[in-house]
Amino acid sequence: MSSLPVIERTVFSTSRTAEFLDPRALQSQTGQPRARFGDVVIKELLDNALDAAESARVRPEIGLAVSWAEGVARVCVTDNGPGMPEEVVERILDFTCNVSDKESLRSPTRGMQGNALKTLLGIPHALGVTTPVVIEAHGVRHEIAVCADPSGDVATRHTKAPTGRTTGTSVTVPLPADLVTGEKAAGWLQKFALVNPHARLVDHAQAGGREGAGIYEPTAQPGWRKPLPTDPTSAHHYDEPAMTKLVFAHIREHRQGGADRTVRAFTNTFTGLTGSAKAKHVADQVPQVTHLSGFEENPDQVPVLLAAMKQHSKLPTPSYLGQVSRDHYTHVLDQAFGVEEAWFARKQLTDKAGVPWSIEVTLARTKRPGTVAFAVNYSVTFGDPLAHTHLVGDQVDSVGVGSFLAQADAAPGPGNQFRRAAIVHLVCPVPQFTDKGKTVLVVPREVADACAKALTEATRVLLKDKRSRQSADRRELRAALRDHKAHTATQAAPKVSKKDAVFTVLREAIGQARGAEGLSFSSHTLFYKIRPLALKLLPAASKLKAPYVEQKLIPDWERENGPIQGLYREPRGTLHHPHDPAGIRDVRLGTREVQQYVPPQWSYNKILVIEKTGLWPPVRESGIAEQYDMAVITNEGYGTEACRELLAKMPPGDVQIFVLHDADPYGYNIARTLGEETARMPDHRVKVIDLGLSVDDAIAKGLDSEPDTRDAALPARILPHLTDTAREWFTGAPIAWRPNGEPAKWRYQRVELNAFSSPELIAYIKEGLARHHATGKVVPPDDQLRATARQRLHRSVVGAVGEAIDAMFPMDRLVRAVWAGLDSDQVTDIGPADIGHLHTDHPTISWEDAVHALVTQRLRHHPHLTDLARQAVAELQVTDGR
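Note that the structure is a prediction, hence the values are computed from the model and not measured. (Residues numbered from 1 in each chain as written. Predicted model: local features only at pLDDT ≥ 70, side-chain atom pairs only at ≥ 80, totals over all residues. Heavy atoms only, no water.)

**Student:** Give a detailed account of the overall build of the protein chain, specifying residues and quantitative values.
**Tutor:** When its secondary structure is counted, the protein chain shows 29 helices and 26 strands. Looking at the 882 residues of the protein chain, the share that counts as buried comes to 46%. A sequence separation of at least 24 residues applies to 71% of the contacts in the protein chain between residues at least 6 apart. Here the protein chain has roughly 43,400 Å² of accessible surface; of this, 52% comes from carbon and sulfur atoms. (Helix = DSSP H or I, 4+ residues; strand = E, 2+ residues; numbered from the N terminus. Buried < 20%, exposed > 50% of the residue type's maximum accessible area, 1.4 Å probe, protein only. Contact = heavy atoms within 4.5 Å. Areas by Shrake-Rupley, 256 points an atom, 1.4 Å probe, with all protein chains shown as cover.)

If you want it as structure tokens, here you go:
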């Protein structure tokens, strides 16, 4: 038998660099939805500009300008740093690697994303903007545009020209005009001014207006200092994995042509180890390694190096983190909002792991509507860094700062005419973020307690004032109850409204629902805690119904007091995707599920909202969703807040939204509330097309009507949309009257969607879509089609290569050969005691995950596994004569 020819196999790889051009991938990298890409650009540009100036050890002078023309907003940020060298610009254009001077370092400085500049280059393309990004420095103007080539990789267009800028750097990023407003840009600059007292920041759009507007002058006194990007970092901020990552990052740079640092030189870059004597003592602990490259062969010596560095240096104290003064915070808040009175608190501590922390809180009662700002390490964040942290104050129990401030009447809200402003600033050399947007932190319990104490001190006056007002309200309520008890049973009940009773007990009910552990809870759970407390304040025969409390009173309370942290609305509907027969991608429409949902690209261009979940089976079986590339939402009754928030996520113009409902007053109102503002969502605006069922259509189709009763007036907002026939049907005739002679109940006519047979229902939907010219399929642009075709081809090639490899090298024989060479007992000898030890440190993992973790850990100490596999392949080739 002739032997098969030896083939030279090619290992195929799929480039991930195009992730910088895809909106969904950019959302993942930045941690922000597409609608906030304008915020991402402004924040990153300001962070980079401040870092550049600080690296040059000059007082930062930062300018921000936004201009609009032909549907494009150009965001330009300038600095007075050393200027971005041409070679750095060239490296930024290499999308296969990170370009960052902070990667792997642990220090209380800004940024740390590592890919920030690359995302700024990709965002314009992802948003459909073809205008280039412009970088000016060292007398050179760089115009850079990126796009995806036919292989799906990043293609760049880079041109250079002379420019007059020789000081600092100017970066201009183009965006769709609707993503950036002058107010938004001014808000970011004001927040950065709050936590950077050493910098001069100028909003060029406002600087020409009233005196002082848009210009934030530095207030820091001589000698003021914060940690700088160029400062040495402390060895005490590193654990063994972090130090190993840093060492091997230097080794990687050496492989790419950088210097191979000596162990002594590397040691000198750390705080407290800059002297030659200490560096020698540290280096003596790893005598077999003289240069960092030596750790490749001796990785076990990295922990030894780290231990020596910690032994010969002191643990940093919180004082080195720097401070922003109360006067500075108040000055900037006064310039922005006009301060009537301000309160300040600072807490500094070292946590149990030896990490220093600084927490600063400033609150103000303002003359003009204010905002709440959050910052970590002198950089403004996209939201509350303590959003998931349980904060327990003297009189406040909350999850997150927002809820804490709202409970203390320290957050802007309707109850105080929005005349509140606040800044919460945390500084820490080792921040542990839970999201890629670098916003939400995981903090130790002792740090959470310190944050709660700072918030308690800063809010004490405002909270006392609020408690006084609430006490007065409660006294009035108790007085009303006492008056009621004094009356005879035949006398009228006191004028104590259900709303007053619910509002009085709501905070206590929230505490009961959340529990001491601070867990999330549903609106229905909260109702069950509210009801017994509120009924004690109401007449004996009173009743509280869940829909009224959950859908009316709780949202009303939130509008006055701020969002209830931890509260979620239970799913009351489902989003079904087309081309998903098994329903794997179904999304339940609860508040948490919708917040996490990212609409897929090129999946659907229509959404049909049906007010009945029971109609989904015939719609699914008909294939209409696939025929029209249409997602379908099924709800029971009125569209939930989560459903309307999901519809608001759809890019305007990209997705048409339709609604199908019963021919009755409630159905007509459902169609209205999906698209228009409501009391719970006053800013909601979405274009929704009403497919019916209308009364006139029901009559034309010969559908049977049925009588029903209603005990409320017709919704005023549907009246302009009623035909004469519909108005007659829905008005009906009175059948009950109030004591004053006005109608209290009406009998009217209606038609349900269920009056259709299933085929008739599908035909009716198709007629409506055709009437609105909404029959087109989803067809992406050429570059997407080519990229998808290449992906499909790639999979076919990989499959064919895999089949050929399986035929030449039977997998079962290779596995048996490798297994025989392993000391499998050493890896798999796992008992209950091993699992118990792992559960001590990780109590939430399952026993199966624990086994997986232990096997993975033990395999790291089995360096010959890959060699055994290669040896098995070679022996198989020899045995079979290949």
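More follows now that the structure is in view.
**Student:** Residues and numbers for the environment of His254, please.
**Tutor:** When you line up the elements, His254 lands in helix 6 (residues 240-255). Through-space distance from the C-alpha of His254 to that of Ser293 is 7.9 Å; in sequence the pair is 39 residues apart. Aside from chain neighbours lying at most four places away, what touches His254 is Ala259, Asp260 and Ser293.

**Student:** Report on the packing of aromatic side chains, specifying residues and quantitative values.
**Tutor:** Per the counting criterion, the structure on display carries 10 aromatic pairs. Between Trp188 and Phe192, the aromatic rings sit 6.4 Å apart at their centres with planes inclined by 40°, giving tilted as the arrangement. Residue Trp188 and its partner Phe192 are both found in helix 5 (residues 182-194); the two are separated by 4 residues, about one turn of the helix. For the pair Trp188 and Phe192, one class covers both residues: buried. Here the aromatic rings of Phe730 and Tyr748 are separated by 6.5 Å at their centres, their planes lie at 90°, and the arrangement is edge-to-face. Here Phe730 is found in helix 22 (residues 724-731), whereas its partner Tyr748 is found in strand 26 (residues 743-750), with 18 residues between them in sequence. Given the relative accessible area of 0%, Phe730 is considered buried. Three or more aromatic residues link up through ring pairs in this structure, and these residues are Trp188, Phe192 and Phe382. For the cation-ring pair, Lys226 lies above Tyr378, with the distance from its terminal atom to the ring centre recorded as 4.9 Å. Sitting over the ring of Trp746, Arg710 keeps its end group 4.4 Å from the ring centre. (Phe/Tyr/Trp six-rings, centres within 6.5 Å; stacked < 30°, edge-to-face > 60°. Lys NZ or Arg CZ within 6 Å of the ring centre and 35° of its normal.)

**Student:** I'd like a description of the sheet that holds strand 21 (residues 630-635), backed by residues and values.
**Tutor:** Pairing is mixed across the open sheet formed by 6 strands, whose spatial order is 19-18-21-20-22-23. In the strand order of this sheet, the two ends are held by strand 19 (587-588) and strand 23 (689-692), each with one partner. Looking at chain direction, strand 18 (residues 573-576) and strand 19 are connected through 2 bridges and run antiparallel. Paired with Thr574 across the strands is Arg588, a residue of strand 19. Running over the sheet, helix 23 (residues 758-771) touches strand 20 (606-610), strand 21, strand 22 (656-660) and strand 23 and is turned about 145° from strand 23. (Pairing = 2+ DSSP bridges. Axes fitted to C-alpha atoms, helices over the stretch in contact; angles between N-to-C directions.)

**Student:** With reference to specific residues and values, describe helix 13 (residues 498-514).
**Tutor:** Between its terminal C-alpha atoms helix 13 stretches 23 Å, which fits the 24 Å expected from 17 residues at 1.5 Å a residue. Residue Leu506 marks the point of greatest curvature in helix 13, where the axis turns by about 50°. Burial in helix 13 covers these residues: Ala501, Val502, Phe503, Val505, Leu506, Arg507, Ala509, Ile510, Ala513 and Arg514. Remark: Gly515 follows helix 13 within two positions and exhibits a positive phi of approximately 75°. (Expected span 1.5 Å × (residues − 1). Bend = angle between axes of the 7 residues up to and from the residue.)

**Student:** For the side chain of Gln190, give the residues involved together with the corresponding values.
**Tutor:** Assignment of secondary structure puts Gln190 in helix 5. Those residues in contact with Gln190 that lie beyond four places of it in its chain are Tyr216, Val332, Leu333, Ala336, Phe337 and Thr371.

**Student:** Give me the pairing of strand 20: which residues, what numbers.
**Tutor:** Burial analysis of strand 20 places 5 of its 5 residues in the buried class, which makes it a mostly covered element. The two faces of strand 20 match: Lys606, Leu608 and Ile610 on one face and Ile607 and Val609 on the other face are all buried. As paired elements, strand 20 and strand 21 share 5 bridges and run parallel to each other. Bridged to Ile610 within strand 21 is Thr634. Two elements, strand 20 and strand 22, share 5 bridges in a ladder whose sense is parallel.

**Student:** Hey, could you go over the sheet that holds strand 10 (residues 356-366) for me, with residue numbers and the actual values?
**Tutor:** Here we have 5 strands laid out as an open sheet, ordered 9-10-15-11-12, and mixed in their pairing. At either end of the open sheet lies a strand with only one pairing partner, and these are strand 9 (339-350) and strand 12 (379-380). Sheet topology note: the strand 10/strand 15 (residues 420-427) ladder contains 8 bridges and is antiparallel. Following the sheet pairing, Arg365 is matched in strand 15 by Arg420.

**Student:** Pulling in residues and values, what's your account of the pattern of salt bridges?
**Tutor:** Here the structure, examined in full by the defined rule, presents 35 salt bridges. Among the salt bridges present, the one from Glu90 reaches Lys160, with a minimum N-O distance of 3.4 Å. Placement of the pair is Glu90 in helix 3 (residues 86-92) and Lys160 in strand 5 (residues 154-162), with a sequence separation of 70 residues. On the basis of relative accessible area, Glu90 is assigned to the partly exposed category, the value being 38%. Where Asp664 meets Arg750, a salt bridge forms, and the shortest distance between an N and an O atom there is 2.7 Å. You can see Asp664 sitting in the loop between strand 22 and helix 20 (665-675) and its partner Arg750 sitting in strand 26, a full 86 residues away along the chain. Shared partners join several salt bridges into a network, and the residues in it are Lys612, Asp662, Asp664, Glu706, Asp708, Arg750 and Glu752. (Salt bridge = Lys/Arg side-chain N within 4 Å of Asp/Glu carboxyl O.)

**Student:** Break down the pairing of strand 25 (residues 733-737) for me, with residues and values.
**Tutor:** Where strand 25 lies against strand 26, 4 bridges are found, and the strand directions are antiparallel. The partner of Ala736 across the bridge, within strand 26, is Lys745. In textbook terms, the turn of a hairpin is the stretch between consecutive antiparallel strands, and for strand 25 and strand 26 this stretch comprises 5 residues, one of which, Gly741, has a positive phi near 90°.

**Student:** I'd like to hear about the packing of helix 13 against helix 14 (residues 523-535), residue by residue, with values.
**Tutor:** Contact geometry of helix 13 with helix 14 gives a least axis separation of 8 Å together with a crossing angle of 130°. With respect to their mutual orientation, helix 13 and helix 14 come out oblique. The hand of the helix 13/helix 14 crossing is right-handed. Packed against helix 13, whose contacting residues are Ala501, Val502, Val505, Leu506, Glu508, Ala509, Ile510, Gln512 and Ala513, the element helix 14 presents Thr525, Leu526, Lys529, Ile530, Leu533 and Ala534 at the interface. (Parallel < 35°, antiparallel > 145°, perpendicular 65-115°, else oblique. Left-handed = near helix turned anticlockwise from the far one by under 90°.)

**Student:** How would you sum up the packing of helix 25 (residues 811-821) against helix 29 (residues 865-879)? Please name residues and give values.
**Tutor:** At a closest axis distance of 9 Å, the pairing of helix 25 and helix 29 adopts a crossing angle of 130°. By the angle class used here, helix 25 and helix 29 are oblique. As for the relative orientation of helix 25 and helix 29, their crossing is right-handed in sense. On helix 29, the residues touching Arg813, Leu814, Ala817, Val818 and Gly821 of helix 25 are Leu865, Leu868, Ala869, Ala872, Val873, Leu876 and Thr879. Within the contact of helix 25 with helix 29, the residues separate by chemical class into 9 nonpolar, 2 polar and 1 charged. (Nonpolar A, V, L, I, M, F, W, Y, C, P; charged D, E, K, R; others polar.)

**Student:** Describe the side chain of Lys612, naming the residues involved and giving the relevant values.
**Tutor:** Looking at the element boundaries, Lys612 is found in the loop between strand 20 and helix 17 (616-622). For Lys612, a relative accessible area of 14% gives the class buried.

**Student:** Quick rundown of the confidence of the model for the protein chain? Include the residues and the values.
**Tutor:** With 89% of its residues at a pLDDT of at least 70, the protein chain reaches an overall mean of 83. Low pLDDT, under 50, characterises residues 1-14; the predicted model gives this stretch 10 contacts beyond four residues in sequence or across chains. (pLDDT = per-residue confidence, 0-100.)

**Student:** Help me get a handle on unusual backbone geometry, residues and values and all.
**Tutor:** For the peptide bond that leads from Gly692 to Leu693, omega is 15°, which places it in the cis range. Mapped onto the fold, Leu693 is located in the loop between strand 23 and helix 21 (695-700). The phi dihedral of Tyr378 is positive, around 65°, even though this residue is not glycine. Relative to the helices and strands, Tyr378 is located in the loop between strand 11 (372-376) and strand 12.

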